[in-house]
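Working through the structure, step by step
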Amino acid sequence: MVTILFSGIPSEALKSLTPLHLIAALTLTLAVFLLYSRFSDVYLIDFSCYRPPYNLRTPTSHMIEHLELCGLFNGESINFQAKLVERSGIGGEACLPIGAHVIPPDTSLNNAREEIEMVLFTVVEDLLSKHKINSKQIDILISNCSLVCPTPSITAMIINKFGFRSNVKSISLGGMGCSAGILSISLAKDLLKVHKNSLALVLSMEAVTPSGYTGKNKSMLVANTLFRAGGVAILLSNKKQDKKVAKYKLQNLVRTHLGSDDSSYQCVFQETDEDGFVGVSLSRALLHVAGKALRTNISELGPLVLPYSEQIRYGWSLFCQKVWAPARSKEIYTPNFKKAFEHFCIHAGGRAVIDAVESNLKLSNEDGEASRMTLYRFGNTSSSSVWYELCYLEAKGRIKKGDRVWQIAFGSGFKCNSAVWKCISEVDPKVGNAWSDRIHLYPVEIPHMMDH
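A brief structural summary. Fair warning: this is a prediction, and the values are worked out from it, not measured in the lab.

**Comments concerning the overall build of the chain**
- The secondary structure content of the chain amounts to 16 helices and 11 strands.
- For the chain, the residues scored as buried account for 51% of the 452 residues in total.
- Summarising the internal contacts of the chain: among those between residues at least 6 apart in sequence, 80% fall at separations of at least 24.
- For the chain, the accessible surface area stands at approximately 21,200 Å², while carbon and sulfur atoms represent 56% of it.
- Counting 48 positive and 41 negative side-chain charges, the chain places the centres of these two groups 9 Å from one another.

**Observations regarding the nonpolar core**
- Counting 75 residues, the largest nonpolar core has Phe-47, Leu-201, Leu-236, Trp-387 and Trp-435 as the members making the most contacts within it.
- Those residues in contact with Phe-47, other than ones at most four positions away along the chain, are Leu-127, Val-232, Ala-233, Ile-234, Tyr-248, Trp-387, Leu-390, Cys-391 and Glu-394.
- Grouped together as the second largest cluster of nonpolar side chains are 37 residues, Val-208, Leu-306, Trp-406 and Phe-414 included.

**What about the environment of Pro-303?**
- Among the structural elements, Pro-303 can be located in helix α12 (residues 286-305).
- The partly exposed category is assigned to Pro-303, whose relative accessible area is 49%.
- Non-local contacts of Pro-303, meaning those with residues more than four positions away in its chain, are made with Ile-298 and Gln-311.

**Re the sheet that holds strand β4 (residues 199-205)**
- If you walk across this open sheet you meet the nine strands as β3-β2-β4-β5-β1-β6-β11-β10-β9, and the pairing is mixed. Pairing within the sheet leaves two strands with one partner each, and these edge strands are β3 (169-173) and β9 (343-346). In this sheet, neighbouring strand axes are inclined to one another by 20 degrees on average, regardless of whether the strands run parallel or antiparallel.
- Note: strand β2 (residues 140-144) against β4, five bridges, orientation parallel. Bridge pairing in β4 places Asn-144 opposite Ser-204.
- Taken strand by strand, helix α8 (residues 154-162) contacts β2, β3 and β4, and its axis lies near 130 degrees from that of β2.
- In the packing of helix α16 (residues 385-395) onto the sheet, the strands contacted are β1 (43-49), β5 (231-237), β6 (248-257), β9, β10 (404-411) and β11 (415-423), and the crossing angle to β1 comes to about 95 degrees.

**Structural notes on unusual backbone geometry**
- For the peptide bond that leads from Ile-103 to Pro-104, omega is -10 degrees, which places it in the cis range.
- For Pro-104, the position within the fold is in the loop between α6 (98-101) and α7 (109-130).
- Look at the link from Tyr-442 to Pro-443: it is a cis peptide, with omega at 5 degrees.
- We note that Lys-132 has phi near 50 degrees; this positive angle belongs to a residue other than glycine.
- Take Lys-132: it is sitting in the loop between α7 and β2.
- Its identity is not glycine, yet Lys-362 carries a phi of approximately 55 degrees, on the positive side.
- Among the structural elements, Lys-362 can be located in the loop between α14 (351-361) and α15 (369-378).

**Digging into α7**
- Compared with the 32 Å implied by 1.5 Å per residue over 22 residues, the 31 Å span of α7 between its first and last C-alpha is a close match.
- Of the residues making up α7, those classed as buried are Asn-111, Ala-112, Glu-115, Ile-116, Val-119, Leu-120, Phe-121, Val-123, Val-124, Leu-127 and Leu-128.
- Taken together, the buried residues of α7 touch β1, α6, α8, β4 and β5.
- Backbone geometry just after α7 places Lys-132 at a positive phi near 50 degrees.

**Structural notes on the pattern of salt bridges**
- Going through the model one piece at a time under the given rule, you end up with 18 salt bridges.
- A salt bridge links Lys-339 to Glu-310; its shortest N-O distance comes to 3.3 Å. In this pair, Lys-339 is assigned in the loop between α13 (308-323) and β9 and Glu-310 in helix α13, connecting sequence segments 29 residues apart.
- Among the residues examined, Lys-339 registers a relative accessible area of 44% and is labelled partly exposed.
- Judged by relative accessible area, which is 1%, Glu-310 ranks as buried.
- Where Arg-404 meets Glu-342, a salt bridge forms, and the shortest distance between an N and an O atom there is 2.7 Å. Pair noted here: Arg-404 is in strand β10 and Glu-342 is in the loop between α13 and β9, with a separation of 62 residues, a long-range link.
- Connected through shared salt-bridge partners, Arg-51, Glu-93, Arg-377, Asp-437 and Arg-438 make up one network.

**What to know about the pairing of β10**
- Within β10, seven of the eight residues are buried, which leaves the element mostly enclosed by the surrounding structure.
- Here β10 hands over to β11 after three residues, with Gly-413 in that stretch at a positive phi of 140 degrees.

Scoring rules and cut-offs
- Residues numbered from 1 in each chain as written.
- Predicted model: local features only at pLDDT ≥ 70, side-chain atom pairs only at ≥ 80, totals over all residues.
- Heavy atoms only, no water.
- Helix = DSSP H or I, 4+ residues; strand = E, 2+ residues; numbered from the N terminus.
- Buried < 20%, exposed > 50% of the residue type's maximum accessible area, 1.4 Å probe, protein only.
- Contact = heavy atoms within 4.5 Å.
- Areas by Shrake-Rupley, 256 points an atom, 1.4 Å probe, with all protein chains shown as cover.
- Lys, Arg positive; Asp, Glu negative; His and termini not counted.
- Charge placed at Lys NZ, Arg CZ, Asp CG, Glu CD.
- Core = buried A, V, L, I, M, F, W, Y, C linked by side-chain atoms within 4.5 Å.
- Pairing = 2+ DSSP bridges.
- Axes fitted to C-alpha atoms, helices over the stretch in contact; angles between N-to-C directions.
- Expected span 1.5 Å × (residues − 1).
- Salt bridge = Lys/Arg side-chain N within 4 Å of Asp/Glu carboxyl O.

Any link to function would need more than the numbers given here.
Take a look at the structure:
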């Protein structure tokens, strides 16, 4: 290190240096390093999840009746969707936007805009007012919504509504799927590294209004039964003084993209069917692809978060599999991620997705509770689901100072993204959030078949 520090200094000048000079140089280097590290920290001040009004709830019986009355599906398609709804793990309080309650459904752009405004205007207003932040204090604004990319953009809608500054750095992401929420955090993190003393507002949602598929392709009908209205606003900061008021600090963020593989690229695919109807096709290979993406993701995340004891056990297991024939009949050791994290927020993409992640990581039912309860109450809210799960854990009073939270999201492409947060303050479970009105009723036993 000394050679590097003084490589540009003539040899005769080096001879005149005293230990005091060396100490001063090392101190200066350390100070610069610490200063840079301090600025690179990203703090999560708070977040607000959308709670739809009660009149938009869609019990199983209502949804099946709606399928029958709208006149868009044949008997086989209705029965297929009814069976999926009954087995989805989604309860009667999950909501659909206004356009989906109309007979026949109104999937117009105007209705899609109204859904976006209903969700995002509500959570932004709630978050900014709660922390007494003026919209002109926001330096970076990022939104993600896969299926609706209006002109003007979603961020422009927010800027117009709340009166943001003319030089706010705004970015609207589209087509990024259910993992886009963590992807947006990644983008905000990178921007906050460049723009010092800044506040970033990240908005994640999926507009359900235009996503309904009215054809007869079964792989495209599945999405009709999973997605529900929801969204979140997240306030991030790299300001040193905001550490005192922030809830969490971003520890790690790892993104995995398997798009170079055709089966991964095509397993969640928006396309036109043989009859000209547009929908999103979910491949039978989806769970296999998600498992592959998760393994690739944790191979990078593991060394960053796991204790050395777990890394050694995994490495030894892998080594034995390769060099010792009898070991090849055994499974490779799965690291115990409970030694790295206290809480898990698994994307509530569906009952099968949660089951598969729990199985692959050898987690308990309690570890997946937040994900199952989020799916049951709010449905699959796409990119915002991992935030409803963190919201659940907060409302339950389970998040303690020093706890580490692992958010795992999957999305089209195919992507698996992980974010690791460390709680740096005392989180008060009595502070109102999207779960506050019903948290005393949860967890609930989720039946294999939903009652009508």
